[in-house]
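# Geometric and topological summary
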Amino acid sequence: MPNLILRLALPSPLRRLFDYLAPAGVSRSALQPGVRLRVPFGRREMIGVLVEVDSQSEVPTDKLKPALELLDTRPPLPASLFKLCLWTAQYYQHSLGDTLSWALPVLLRQGEPAETRQERYWLVNKEASVDDPRLARAPRQRDALKALAQHPHGVAHSLLSQLQLNRDSLQLLHEKGLVRVEVRRTQPHAKPAHWLAQPELPLNAEQRAAVNAVASGWDQFNAFLLAGVTGSGKTEVYLQLIHQCLQAGKQALVLIPEINLGPQTFDRFSRRFNARIALLHSAVNDRERLDAWLAARDGEADIIIGTRSALFTPMKNPGLIIVDEEHDASYKQQEGLRYHARDLALVRARQEDVPIVLGSATPSLESLHNAYSGRYALLKLTQRAGGASQPRFLRLDVKSRPLDSGISGPMQQAIAQTLKAGQQVLVFLNRRGFAPTLLCHDCGWLSECPRCDARMTVHQRYQELRCHHCGHVEKQPSNCPKCQHVDLRPVGAGTERAEERLAVLFPDYPVLRIDRDSTSRKGAMDRLFATINKGEPCILVGTQMLAKGHHFPRVTLVSILDADGGLFSADFRASERMAQLIVQVAGRAGRAEEPGKVIIQSHLADHPLLVQLTEQGYFAFAEQALSERRGAGLPPFCHLALLRAEAHKPGQAESFLDEACSEAEHLLGELGLTGIELLGPVPAPMERRAGRFRAQLLLQGNARAPLHRLLNHWLHALEQMPSGRAVRWSLDVDPIDL
Ligand code: ADP
Ligand code: ZN
Ligand code: ZN
């Protein structure tokens, strides 16, 4: 009998496959590509995915180890998704095994069966009562019992967190015999005859045109850029498209940038549809994630909503892909497999032959360029739906004006007026903490991070200095560590300081801070939103967290405290990001009856970019920015790949990159490739971070194909390079942070 050599992708950074012998007693026909096997690896065991079966190996047969166990009777990942993973690994020059492990739910990576389980259902026992004396001192259990009693047919275990039912409380109720668990074979519920749980809104002409354009070509790949100003009813367009998709018996995948937007989107979709909606984001637990994933794969979820990684959710009958807020940087993964979920969504839509809609009020320059050059159809929504008008912009020059914790006099007056009129104010400052630096007024000492080329931020509330780059934390000193004097002063303002000052200036109104620090506790965000939604006059102070997707009908003034960072940063994308942020934050204002006003404080109030953005709008800005990028030969008019390296000793990263650079030059000649430039190596913008010295080498190509051809050969060479062992290096294809 010929040997059966199994070629497996293992979760390892090594960009190669590993050969094993078939496990004893397993027949050839059971070994379909895509099945998982448990294998020995060094002293450990690993779970690998079968890529191919061969009769020969470069490794002598007596050196090959047999796989231990075959885990699947059929591949857990459908062929189309396996193909997407192959494409992804190839394009991002990443190990296939590691790519597959980003794509598979954690439990499948750990060897859990990949079949829909029998589902457990929680039910209230007949004799149970909320007045049970044992619950007198257990308010959470009482609440849980009350909530569960609303569902006489029981609640599936996988839906507990979506319905905000606390697992631990239920477990305790179970121990008291007040609730029971029934195991039922999950019946894929019958598809509802009526998908709509709520009538659709009559569309305006632009929305109608957008829906018709997409709906004219189901079952084929077409890319659409839905560029609609904030509040123009993009979500309504998505909903009506999804309705048509459901009616055709197909599934829709909706990507959203932020986990915070998940519940809000889920609510809106489940109010509209009698559909099985799966919500996938980093906060659902592993079991729920696997269940949702399996339901989507087996056609038992109709709508799949999720953040970046949900892109890899398999679907039995894909019909439509939507990427909301497509410009958002969180679609790009910045570690490990550095993929861009929006870009991969396009690849997937093409592979699956379905339409894809990218939506944004502030499309990325990449997508706009694709639309202007005809690769995507451009659908514009220029009016706010439901009659609200666009906010007015005012640039406030703060040159030589005193700033009180970052807030100028005229800004304070505008805030006061708005509050007096009974409306809400949103103060935007994209900097967490109290102040970005602590300074000794006597000797000039600055609170520098010992591990990074960066200052530590003052977090007054915790009396701490924290580095936002490496996480280093120190107690806030009361004396200068250098000269021992006590005159230490926080310099500049973050959200914590603005919050504190605003509370003093406007003692009669609540001041709510919304940033990563204030919302890290579970439920904190919901509580903040509940207060805001009451509609009483108040001040919201926050970072870009506030800019995304939320709807604050009572906010009529948006105060942008600092727009200068984006105007003089070295990163060529900084102005694009600033413009997107300003327009998105501004879009939170005046979404209901009252018109909104946006005041931007700047030391560069006459900067042409700012003038154009505020007077002519985002598209005028974007067209100007695109023509500048074209002139400078920057993306999207070229393609980039960035090789990053870091090491504990200074110079080590550079010498690896120097060698890498010579190798690339050599390969360019050998392969006869042109139109590729090597820029660097240079120190990274923040050279030292978390104690490592970092450098980078940029590759810039006129066309994608030759660049990728070079990368293919180059990466193999880099993996062999001895100097690469002393450093930590990684390649970022289409980097967005340089
Ligand atoms: P976007 O997603 O573009 O920010 P939304 O879809 O959230 O916009 O719509 C903004 C508001 O306008 C929502 O309250 C929505 O219900 C309402 N809306 C959307 N489309 C219409 C329409 N055709 N007629 C009336 N109201 C609409
Ligand atoms: Zn000092
Ligand atoms: Zn640091």
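Just above sits the structure.
Just so you know, these numbers come straight off a predicted model, no measurement behind them. Residue positions are given per chain, counting from 1 as you read along its sequence in written order. Chains and ligands are labelled by the order in which they are written, letters from A for the one and numbers from 1 for the other. With pLDDT at 70 or above as the cut-off, local features in this predicted model cover only qualifying residues; side-chain atom pairs require 80 or more to be listed or tallied, and sums for whole chains, interfaces and linings still use all residues. Excluded from the side-chain calculation are hydrogens and water; included are all heavy atoms of the structure.

For the rest of this paragraph, the subject is the coordination of the zinc ion (ligand 3). Expected angles at a metal are 109.5 degrees for tetrahedral coordination by four donors and either 90 or 180 degrees for octahedral coordination by six donors. Distances decide who is a donor: an N, O or S atom must be within 2.8 Å of the metal, or within 3.2 Å for Na, K and Ca. Water is not included, so sites may look incomplete. The zinc ion (ligand 3) binds to the protein through C449 (SG), C452 (SG), C467 (SG) and C470 (SG); the donor distances cover 2.2 to 2.4 Å. Given four donor atoms and angles of 105 to 116° at the metal, the environment of the zinc ion (ligand 3) is assigned as tetrahedral. Sequence positions of the residues that donate to the zinc ion (ligand 3) give the spacing C-x2-C-x14-C-x2-C. On the criterion of sequence distance, the pair formed by C452 in the loop between strand 20 (437–440) and strand 21 (457–459) and C467 in the loop between strand 22 (464–466) and strand 23 (473–475) is long-range, its members being 15 residues apart. A relative accessible area of 3% means that C467 is categorised as buried. For four-coordinate sites, all angles between 85 and 135 degrees define a tetrahedron; for four- and six-coordinate sites, opposite donors beyond 155 degrees with the remaining angles between 65 and 115 define square planar and octahedral shapes respectively, and all other cases count as irregular. For helices the rule is a DSSP run of H or I covering at least 4 residues; for strands it is a run of E covering at least 2, with both sets numbered from the N terminus onward. Think of it in three bands: residues with accessible area under 20% of the maximum for their type are buried, residues over 50% are exposed, and the middle band is partly exposed, with areas taken using a 1.4 Å probe on protein chains only.

Around ligand 1, 16 residues are found, and the nearest of them are P202, Q207, K234, T235 and R268. N or O atoms within 3.5 Å of each other form a polar contact, as long as, within protein, one can give a hydrogen and the other can take it, and as long as residues adjacent in sequence are counted only when both atoms are side-chain atoms. At 3.3 Å, a backbone N or O of S232 approaches an oxygen atom of ligand 1. One nitrogen or oxygen atom from the side chain of R268 is found 2.9 Å from an oxygen atom belonging to ligand 1. Exposure was quantified through the Shrake-Rupley algorithm and a 1.4 Å probe, taking into account, for residues, occlusion by the shown protein chains and nothing else. Starting from 550 Å² of accessible surface for ligand 1 in isolation, the protein chains cover 74%. Any residue outside Ala, Val, Leu, Ile, Met, Phe, Trp, Tyr, Cys, Pro, Asp, Glu, Lys and Arg is labelled polar, Gly included; the first ten of those are nonpolar and the last four are charged. Residue composition of the shell around ligand 1, by class: five nonpolar, seven polar and four charged. Note on definitions. A residue lies near a molecule or strand when any single heavy atom of the residue is within 4 Å of it.

Let us look at the packing of aromatic side chains. Think of a pair of aromatic rings as described by two things: how far the centres are apart, and how the planes are tilted against each other in angle. Side-chain rings of Phe, Tyr and Trp, where Trp is taken by its six-membered ring, are said to pair if the distance between their centres is within 6.5 Å; with planes under 30 degrees apart they count as stacked, over 60 as edge-to-face, and otherwise as tilted. Going through the model one piece at a time under the given rule, you end up with eight aromatic pairs. Arranged with centres 4.8 Å apart and planes meeting at 10°, the rings of W87 and Y91 form a pair that is stacked. Of this pair, W87 and Y91 both sit in helix 1 (residues 79–91), four residues apart, which is roughly one turn of the helix. With a relative accessible area of 10%, Y91 lands in the buried category. Between F312 and Y339 the ring centres are 5.3 Å apart and the planes differ by 65°, which places this aromatic pair in the edge-to-face class. With a gap of 27 residues between them, F312 in the loop between strand 12 (303–306) and strand 13 (318–324) and Y339 in the loop between strand 13 and helix 10 (341–352) connect regions that are remote in the sequence. Residue Y339 is classed as buried on the basis of its relative accessible area, which comes to 1%. Ring pairs connect the aromatic residues W87, Y91 and Y92, which therefore count as one cluster.

Turning next to the coordination of the zinc ion (ligand 2). Looking at the metal site, the zinc ion (ligand 2) is ligated by C440 (SG), C443 (SG), C480 (SG) and C483 (SG), spaced 2.2 to 2.4 Å from it. Around the zinc ion (ligand 2), the four donor atoms sit at angles spanning 106 to 114°, and that spread fits a shape best called tetrahedral. Residue class for C443 comes out partly exposed when judged on its relative accessible area of 30%.

For strand 19 (residues 424–428), the tally of buried residues reaches five of five residues, placing the bulk of the element in the interior. Judged by which residues are buried, strand 19 turns out to be covered on both faces: Q424, L426 and F428 on one side and V425 and V427 on the other are all buried. Across five bridges, strand 19 lies against strand 27 (residues 555–560) in parallel orientation. Counted as the bridge partner of V425 is L557 from strand 27. Note that strand 19 and strand 26 (residues 539–542) share four bridges and pair parallel. From the neighbouring strand, L426 faces strand 26, where its bridge partner is L540. Here, any two strands with at least 2 DSSP bridges between them count as paired.

Before going further, it helps to spend a moment on the sheet that holds strand 4 (residues 44–54). Sheets are built from strands paired through backbone hydrogen bonds, the pairs being either parallel or antiparallel. Here we have five strands laid out as an open sheet, ordered 2-1-4-3-5, and antiparallel in their pairing. Each end of this open sheet is capped by a strand with a single partner; those strands are strand 2 (18–21) and strand 5 (69–70). Relative to strand 5, strand 3 (residues 36–41) runs antiparallel, the two sharing two bridges. Across the sheet, L37 pairs through a bridge with L70, a residue of strand 5.

To characterise two packed helices, one gives the angle between the axes of the helices and the distance between these axes. Where helix 1 contacts helix 10, the axes come no closer than 10 Å and their chain directions differ by 135°. Classed by the angle they form, the pair helix 1 and helix 10 counts as oblique. At the point where helix 1 passes helix 10, the crossing takes the right-handed sense. Across the interface between the two elements, S80, L81, K83, L84, W87 and T88 from helix 1 touch L344, V347, R348, Q351 and E352 from helix 10. Axes here mean lines fitted to C-alpha atoms, for a helix over just the part in contact, with angles spanning 0 to 180 degrees between N-to-C directions. Under this scheme an angle from 65 to 115 degrees is roughly perpendicular, one under 35 degrees roughly parallel, and one over 145 degrees roughly antiparallel; angles in between are oblique. Left-handed describes a crossing whose near helix is turned anticlockwise from the far helix by less than a right angle; the clockwise case is right-handed. Contact definition: two residues touch when any of their heavy atoms are within 4.5 Å.

One can find Y509 in the loop between helix 13 (495–505) and strand 25 (511–514). Judged by relative accessible area, which is 24%, Y509 ranks as partly exposed. Sequence spacing of Y509 and C538 is 29 residues, and the spatial spacing of their C-alpha atoms is 5.4 Å. Residue contacts for Y509: discarding those within four places in its chain leaves L419, K420 and P537.

Within the largest apolar cluster, 124 residues are counted, with the highest numbers of intra-cluster contacts made by L255, I356, L643, L699 and W714. Broken down by element, this core gets its largest block of residues, nine residues, from helix 18 (residues 652–671). Ignoring any residue separated from it by four or fewer positions in sequence, one finds I356 in contact with F221, N222, A223, F224, I321, V323, A345, L346 and A349. As used here, the term nonpolar core means buried Ala, Val, Leu, Ile, Met, Phe, Trp, Tyr and Cys residues forming a set that is joined through side-chain atoms within 4.5 Å. In terms of nonpolar packing, the next biggest core, distinct from the first, is built from 31 residues, L239, C245, F266 and L279 among them.

Take the packing of helix 16 (residues 608–616) against helix 17 (residues 618–632) next. Axis separation between helix 16 and helix 17 bottoms out at 6 Å; the angle between their running directions is 145°. Across the interface between the two elements, L609, Q612, L613 and Q616 from helix 16 touch Y618, A620, F621 and Q624 from helix 17.

Outside of glycine, negative phi angles account for most residues, and trans bonds account for most peptide bonds. For the bond from P635 to P636, the omega torsion is 5°, close enough to zero to count as cis. Looking at where P636 falls in the secondary structure, it is placed in the loop between helix 17 and strand 29 (639–647). Of note, the bond from G680 into P681 is cis; its omega dihedral lies within 30 degrees of zero at 0°. For P681, the position within the fold is in strand 30 (residues 676–689). The backbone of D219 shows a phi angle near 65°, a positive value even though the residue is not glycine. Inspection of the secondary structure puts D219 in the loop between helix 6 (205–215) and strand 9 (222–228).

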